[in-house]
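This is what each chain is made of:
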Amino acid sequence: MTRNHPKLTENPYYEGVPDYMTEVYDWAYVDPDWVKFLDRNIVVTTLLFGNDQRLMKSYLAEIEPGMRVWQVAHVYGDLVARAAEKVGPAGVFHLTDVTPIQVEHGSKKLAGKHWSRVIRADAANWYNDDTPYDLICSFFLLHEVPEDRKEQIVNNILDQLPAHGKAVFVDYHRPHPLHPVGWILRGVNAWLEPFAKALWDREISSYAHDADRFEWKKQTFFGGVYQRVIVTRK
Ligand SMILES: C[S@@+](CC[C@H](N)C(=O)[O-])C[C@H]1O[C@@H](n2cnc3c(N)ncnc32)[C@H](O)[C@@H]1O
């Protein structure tokens, strides 16, 4: 879709949405009709080959009640509600997303949880000028953004990490060469996910400007298909 396509110019759901979102992920994350259909647990379970609960738990296990948590992008299904629930009323849960319809869905899921806030913002430059976050999580965002955005997001997160804080990245990783899902994902990446393959070839730490100032602990799942990286300051 070109920038002057009527769908983009006359529709508030497209206002200020980055080009890579409208060009690559319109049906997946921007078009409200599609989003209404896709925002459910079964979609996440299917996309993650049944590993959704394991991967979500690997993030949720890092949350302690009363923490200040920033989740940098919305995720389909109930993950954001579960994360906010775990934070609880003694803490703070901030969810950012760059796409209006995703902000709308996230806001509905977090309604009534007064310690939660949904903010329309780009994870590449959202800056919290209040008390720093204890935990910042990127759950399957990096593989969906171009290389320069990956670098900006990783560094924006790390720049805001206090001495005691923790960043959690859950995302794709290079599968074991014999893993059958690796071959399926090669096809999916070539067809639908042009920015995902980079995470097969690069460590998340390689996007950081000052990687040496941090401790990087990586755990892989499902024969290397997925990774969770926990980052703390040294
Ligand atoms: C977290 S990722 C994918 C998660 C997973 N595949 C799922 O099942 O939802 C998708 C979200 O990232 C958001 N997003 C994309 N680029 C972003 C950015 N630069 N900053 C914040 N959110 C972004 C999209 O609007 C979308 O809601």
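As shown above, the structure is provided for reference.
Since the structure is predicted, the reported quantities are computational estimates derived from the model, not experimental observations. (Residues numbered from 1 in each chain as written. Predicted model: local features only at pLDDT ≥ 70, side-chain atom pairs only at ≥ 80, totals over all residues. Heavy atoms only, no water.)

## Brief notes about the overall build of the chain
Of the regular secondary structure elements, the chain holds 11 helices and 7 strands. In summary, the chain has a C-alpha radius of gyration of 17 Å against a globular reference of 17 Å for 234 residues, a match within 12%. Overall size of the chain, expressed as C-alpha extent along the three principal axes, is 50 × 45 × 35 Å. Scored against the burial criterion, the 234 residues of the chain give a buried share of 56%. Excluding contacts between residues fewer than 6 apart, the proportion of contacts in the chain whose partners are at least 24 apart in sequence is 67%. Carbon and sulfur atoms make up 56% of the accessible area of the chain, which amounts to about 10900 Å² in all. Positive and negative charge centroids in the chain, built from 27 and 31 side chains respectively, lie 6 Å apart. (Helix = DSSP H or I, 4+ residues; strand = E, 2+ residues; numbered from the N terminus. Rg over C-alpha atoms; globule rule 2.2 N^0.38 Å. Buried < 20%, exposed > 50% of the residue type's maximum accessible area, 1.4 Å probe, protein only. Contact = heavy atoms within 4.5 Å. Areas by Shrake-Rupley, 256 points an atom, 1.4 Å probe, with all protein chains shown as cover. Lys, Arg positive; Asp, Glu negative; His and termini not counted. Charge placed at Lys NZ, Arg CZ, Asp CG, Glu CD.)

## A closer look at the sheet that holds strand β4 (residues 135-139)
Taken together, the 7 strands give an open sheet; going across it, the order is β3-β2-β1-β4-β5-β7-β6, and neighbouring strands pair in mixed fashion. With one partner strand each, in any of the chains shown, β3 (116-120) and β6 (214-221) form the two edges of the open sheet. The sheet shows a mean angle of 15° between the axes of neighbouring strands, direction not considered. In this sheet, strand β5 (residues 166-172) lies alongside β4 in parallel orientation, the contact comprising 5 bridges. By the bridge assignment for β5, Leu 135 is matched with Lys 166. Across the face of the sheet, helix α7 (residues 79-87) comes into contact with β1 (68-71), β2 (92-97), β3 and β4 while running at roughly 155° to β2. (Pairing = 2+ DSSP bridges. Axes fitted to C-alpha atoms, helices over the stretch in contact; angles between N-to-C directions.)

## Quick look at the environment of Ala 83
Along the chain, Ala 83 turns up in helix α7. The class for Ala 83 is buried, based on a relative accessible area of 0%. On a C-alpha basis, the gap between Ala 83 and Lys 57 in space is 9.7 Å, while along the polypeptide they are 26 residues apart. Contacts of Ala 83, omitting those with residues within four sequence positions, involve Tyr 59, Leu 60, Ile 63, Gln 71 and Phe 93.

## Focus: the pattern of salt bridges
All told, the structure shown has 13 salt bridges when counted by the stated rule. The salt bridge partner of Lys 197 is Asp 201, with a shortest N-O separation of 3.2 Å. Ionic contacts of the salt-bridge type, sharing partners, join the residues Glu 62, Lys 166 and Arg 228 into one network. (Salt bridge = Lys/Arg side-chain N within 4 Å of Asp/Glu carboxyl O.)

## Description of the site of the ligand
Taken together, 21 residues form the shell around the ligand, and within it Tyr 20, Asp 97, Thr 99, Asp 122 and Ala 123 come nearest. Measuring from a nitrogen atom of the ligand, one finds a backbone N or O atom of Ala 123 at 2.9 Å. When isolated, the ligand has an accessible area of 590 Å², and the protein chains bury 97% of it. Broken down by class, the residue content of the shell around the ligand amounts to 15 nonpolar, 3 polar and 3 charged. (Near = heavy atom within 4 Å. Polar contact = N/O pair within 3.5 Å; in protein donor to acceptor, adjacent residues only side chain to side chain. Nonpolar A, V, L, I, M, F, W, Y, C, P; charged D, E, K, R; others polar.)

## Thoughts on a nonpolar patch on the surface
Nonpolar side chains collect at one region of the surface, where Trp 27, Trp 34 and Phe 37 lie side by side and expose about 350 Å² of accessible area between them. In this fold, Phe 37 is placed in helix α4 (residues 32-38). (Patch = residues over 30% accessible without salt bridge, like charges linked within 9 Å, V, L, I, M, F, W, Y side chains within 5 Å.)

## Some remarks on the packing of aromatic side chains
Inspection of every chain in the model, using the stated rule, returns 14 aromatic pairs. On the numbers, 6.4 Å between centres and 90° between planes, the contact of Tyr 20 with Phe 195 is edge-to-face. Here the residue Tyr 20 occupies a position in helix α2 (residues 19-24), and Phe 195 occupies one in the loop between α10 (180-191) and α11 (198-201), the gap between them amounting to 175 residues. Residue Phe 195 is classed as buried on the basis of its relative accessible area, which comes to 19%. Between Phe 214 and Trp 216, the aromatic rings sit 6.4 Å apart at their centres with planes inclined by 70°, giving edge-to-face as the arrangement. Overall, the relative accessible area of 23% leaves Trp 216 in the partly exposed class. The lysine or arginine in question, Arg 186, covers the ring of Trp 183, its NZ or CZ lying 4.1 Å from the ring centre. The ring of Tyr 207 is capped by Arg 202, whose NZ or CZ atom sits 3.8 Å from the centre of that ring. (Phe/Tyr/Trp six-rings, centres within 6.5 Å; stacked < 30°, edge-to-face > 60°. Lys NZ or Arg CZ within 6 Å of the ring centre and 35° of its normal.)

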